[in-house]
Amino acid sequence: MAKKQQNAITPMRAEDYPEWYQQVIKAAELAEVSPVRGCMVIKPWGYSIWENMQGVLDGMFKETGHVNAYFPLFIPMSYLEREAEHVEGFAKECAVVTHHRLEPDPEGGLKPAGELEEPLIVRPTSETIIGETYSKWVQSYRDLPILINQWANVVRWELRTRLFLRTAEFLWQEGHTVHATEAEAVEETEAILDLYGRFAEEYMAMPVVKGEKTRDERFPGAVNTYSIEAMMQDHKALQAGTSHFLGQNFSKACKINFLDQEGQEVFAWTTSWGVSTRLIGGLIMTHSDDDGLVLPPRLAPRHVVIIPIFRGDDERSEVLGYCEKLKAEVEAREYDDGKVRVELDDRDIRGGEKVWQHIKKGVPIRLEVGPRDIASDSVFMGRRDLSPKDKSGVSREEFITRVPEILGEIQKSLYDKALKFREDRTRTIDNLDEFREFFSSEAEGGFAGGFALSHFADDGGGEDLLKELKVTPRCIPVEEAGNLGECIFTGKPGSRLTVFAKAY
RNA sequence: CGGGGUGUAGCUCAGCCUGGUAGAGCGCUACGUUCGGGACGUAGAGGUCGGUGGUUCGAUUCCACUCACCCCGACCA
């Protein structure tokens with residue numbers, strides 16, 4: 001018998017973080033690389049997580065007055081050209097469709113034929129095609145606001161890709177709203193930022209810093225971009241969602257104008273905002289450990305897995321019968337405005353192997369149920385937020401009563417742990433020596449840095465040092481809006497407190 | 001788009017230097033023994049060695065070309 005593995009994932013985080021990340025995805029069966037360069041296959045377990053995210057976000061959008069619609073995958077190239085900064089931002093990574101037909105070629109294969117008069121691009125984002133549509137819909141101030149979201153796939157031809165974090169095609173939602181006044185559009189932008197923050201913290205159990213992007217980090221064509229930034233376990237920042245105030249840039253480019261109450265022809269104010277399957281990458285790197293994925297209960301496809309333990313046919317029918325009944329009893333309980341999601345894993349494989357599979361997939365609660373438990377009318381419970389060794393017997397009745405509470409505890413413990421992790425690695429830094437030191441010296445696990453809070457003028461300065469350290473300004477936290485001081489790079493007074501970090 | 005590398009079983013790879021048409025581990029199938037921390041044994045299935053062309057009696061092996069993918073840079077939700 002080979003020696004026992006200490007943990008499920010090789011390598012461990014501290015040994016090789018990027019490789020650990022890949023292995024967690026593989027072990028949890030979340031996704032795999034596809035034959036198409038830069039694209040991924042999202043497997044059922046990974047897709048279920050996305051579906052749960054969609055369900056919650058979709059509900060939140062609708063509660064705030066938004067509705068869903070769908071716009072085309074293809075955008076005429078000329079549309080993209082309308083907004084200069086927008087073109088510049090996306091031109092380098094667009095997939096272009098130039099033909100609409102295939103013909104046999106001399107070698108027995110196929111070749112494109114039927115060249116299009118105007119090339120179509122596969123949407124990298126939909127501001128222009130939606131703006132074009134909105135220009136027809138908006139005639140009067142009475143047509144506003146328009147509050148529309150779409151769930152879609154987009155393509156950005158990335159050269160370096162990583163599952164969930166950056167792929168050539170990804171799934172997301174993009175909200176596009178039109179407002180009569182600037183104030184209303186700004187309010188929308190901020191409300192969505194807030195919504196994303198609540199989703200990240202309350203559902204993903206992933207603490208985020210909500211803030212405004214610096215000049216160079218803004219969305220191409222936006223007047224102002226806001227983002228939520230989360231700290232991953234390698235101390236790097238992940239931009240997990242963005243909300244853009246587009247001013248009148250796109251309404252002018254797409255001619256979204258209307259007659260206001262004074263009968264004046266004016267341009268509308270627009271916003272756009274999105275989160276993508278990248279959130280799954282954030283989820284993985286926030287909670288997972290050296291035994292694989294750890295899922296917050298509110299987004300877990302399964303809350304409880306029951307693993308029957310038996311040998312022989314006699315025990316089999318007895319144990320399975322007990323488990324079926326247990327499953328029904330647990331499913332009758334409510335958690336988070338829904339049923340507790342229970343799986344009875346009666347597959348014909350060994351118990352130990354089975355238990356580890358569920359650990360690697362991040363199921364919050366595992367119940368091992370064998371003859372010994374049945375005799376005492378109890379279950380043997382393991383929680384994913386605790387060590388795999390840390391299992392304990394609980395009476396069946398007590399477990400059934402407490403399931404929702406336990407799930408709530410796990411949700412909270414994951415958030416608290418992640419928040420403490422971030423706070424322990426966030427420092428307010430006022431001088432350059434300390435700034436350099438913070439991002440150069442290796443802390444525990446071989447990871448340098450974290451979040452540095454420094455005043456920053458955001459009008460030039462510090463480029464060389466930032467490049468050397470591979471650090472970027474992540475955002476200007478909304479909560480620190482009034483915190484002004486001298487720019488760490490230029491000494492300019494009245495500079496805003498800004499989060500700096502290495503970023504994904 | 002620059003620099004480096006790799007293509008052999010479902011996966012990870014050995015074999016190639018010193019040509020004689022294929023191997024290991026994992027996985028998969030069957031049976032048996034097992035079974036509350038990731039099992040073991042036995043028997044099997046599975047490959048036109050990335051593609052094309054050349055050298056040769058003979059190419060996975062040598063040569064040329066080509067395609068694909070990976071890694072490091074520049075760029076990025």
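Here is what the cut-offs are and how they apply
- Residues numbered from 1 in each chain as written.
- Chains lettered and ligands numbered in written order.
- Predicted model: local features only at pLDDT ≥ 70, side-chain atom pairs only at ≥ 80, totals over all residues.
- Heavy atoms only, no water.
- Near = heavy atom within 4 Å.
- Polar contact = N/O pair within 3.5 Å; in protein donor to acceptor, adjacent residues only side chain to side chain.
- Helix = DSSP H or I, 4+ residues; strand = E, 2+ residues; numbered from the N terminus.
- Nonpolar A, V, L, I, M, F, W, Y, C, P; charged D, E, K, R; others polar.
- Buried < 20%, exposed > 50% of the residue type's maximum accessible area, 1.4 Å probe, protein only.
- Lys, Arg positive; Asp, Glu negative; His and termini not counted.
- Salt bridge = Lys/Arg side-chain N within 4 Å of Asp/Glu carboxyl O.
- Contact = heavy atoms within 4.5 Å.
- Domains from an automatic or database assignment.
- Buried area = accessible area lost by both parts, 1.4 Å probe.
- Pairing = 2+ DSSP bridges.
- Axes fitted to C-alpha atoms, helices over the stretch in contact; angles between N-to-C directions.
- 1 Å grid on protein atoms, 1.4 Å probe; cavity = no way out; pocket = protein on both sides within 12 Å on 5 of 7 lines; lining within 4 Å.
- Points joined across faces, edges and corners; volume = space filled by probe spheres on them.
- Parallel < 35°, antiparallel > 145°, perpendicular 65-115°, else oblique.

Colleague: Whenever I open this one, the protein's contact with RNA strand B confuses me. Can you help?
Modeller: Among the 35 residues in the neighbourhood of RNA strand B, the closest are listed as Arg-160, Arg-166, Gln-239, Asp-373 and Lys-389. Restricting the count to atoms of RNA strand B within 4 Å of the protein gives a sugar and phosphate share of 42%. One of the side-chain N or O atoms of Arg-156 is found 3.3 Å from a sugar or linking oxygen in RNA strand B. Counting residues per element, the surface near RNA strand B draws most heavily on helix H10 (residues 351-361), which supplies four residues. Of the residues in the surface near RNA strand B, the class split is ten nonpolar, seven polar and 18 charged.

Colleague: Where do I start with the side chain of Glu-83 in this structure?
Modeller: Here Glu-83 lies in the loop between helix H3 (77-80) and helix H4 (84-90). Look at Glu-83: it is buried, it has no salt bridge, and the nearest opposite charge is Lys-252 at 9.9 Å. Side-chain polar atoms of Glu-83 contact the backbone nitrogen of His-86, separated by 2.9 Å. When near neighbours in sequence (up to four residues on either side) are disregarded, Glu-83 contacts Gly-221, Asn-249, Phe-250 and Ala-253.

Colleague: Before we go on, may I ask you to explain the domain arrangement of chain A in this structure?
Modeller: The figure often quoted for interface size is the accessible area lost as the parts come together. Per the domain assignment, the segments of chain A are domain 1 (47-102 + 112-287), domain 2 (299-412) and domain 3 (426-501). Just the C-alpha atoms count here: the centres of domain 1 and domain 3 sit 28 Å apart. With 18 residues of domain 1 at the interface, the matching set in domain 3 holds 23 residues. A buried area of about 1,600 Å², summed over both sides, lies between domain 1 and domain 3, and 59% of it is on carbon and sulfur atoms.

Colleague: Looking at this structure, I do not really get the sheet that holds strand E19 (residues 365-369). What am I missing?
Modeller: In sheet architecture, strand pairing relies on hydrogen bonds along the backbone and comes in two forms, parallel and antiparallel. Pairing is mixed across the open sheet formed by five strands, whose spatial order is E18-E15-E19-E20-E21. Single-partner strands in this sheet number two, and they are strand E18 (342-344) and strand E21 (391-395). Within the sheet, the average angular offset between the axes of one strand and its neighbour, ignoring direction, is 25°. Relative to strand E20 (residues 378-383), E19 runs antiparallel, the two sharing four bridges. Each bridged residue has a counterpart across the sheet, and for Arg-366 the counterpart in E20 is Gly-382. The strands that H10 touches are strand E15 (304-308), E18 and E19; relative to E15, the one it contacts most, it runs at about 170°.

Colleague: When you look at the layout of surface pockets in this model, what are you seeing that I'm missing?
Modeller: Picture a little ball the size of a water molecule; that probe, rolled over the atoms, points out where space is still empty. Volume-wise, the largest pocket comes out at about 1,300 Å³. Considering the residues around the largest pocket, the lining is formed by 46 residues, among which Arg-156, Arg-166, Glu-217, Gln-239 and Arg-278 are closest to the centre. Put simply, the parts of the chain that give the lining of the largest pocket at least two residues each are H4, strand E8 (169-179), strand E11 (237-247), strand E14 (269-276) and strand E24 (472-477). Tallied by class, residues from the lining of the largest pocket come to 15 nonpolar, 14 polar and 17 charged. Both domains that furnish three or more residues to the lining of the largest pocket are identified here as domain 1 (47-102 + 112-287) and domain 3 (426-501).

Colleague: Sorry, what's going on with the packing of helix H2 (residues 44-63) against helix H8 (residues 278-287) here?
Modeller: To characterise two packed helices, one gives the angle between the axes of the helices and the distance between these axes. Where H2 meets H8, the closest approach of the two axes is 10 Å, and the angle between their N-to-C directions is 105°. With respect to H8, the axis of H2 lies roughly perpendicular. Touching Gly-46, Ile-49, Trp-50 and Met-53 of H2 are Leu-279, Ile-280 and Leu-283, all from H8.

Colleague: What should I look at first to understand the pairing of E24 in this one?
Modeller: The two faces of the sheet receive side chains in turn, since in a regular strand these alternate between them. The buried fraction of E24 is high, at five of six residues. Note that E24 and strand E26 (residues 495-501) share three bridges and pair antiparallel. Paired with Cys-475 across the strands is Val-499, a residue of E26.

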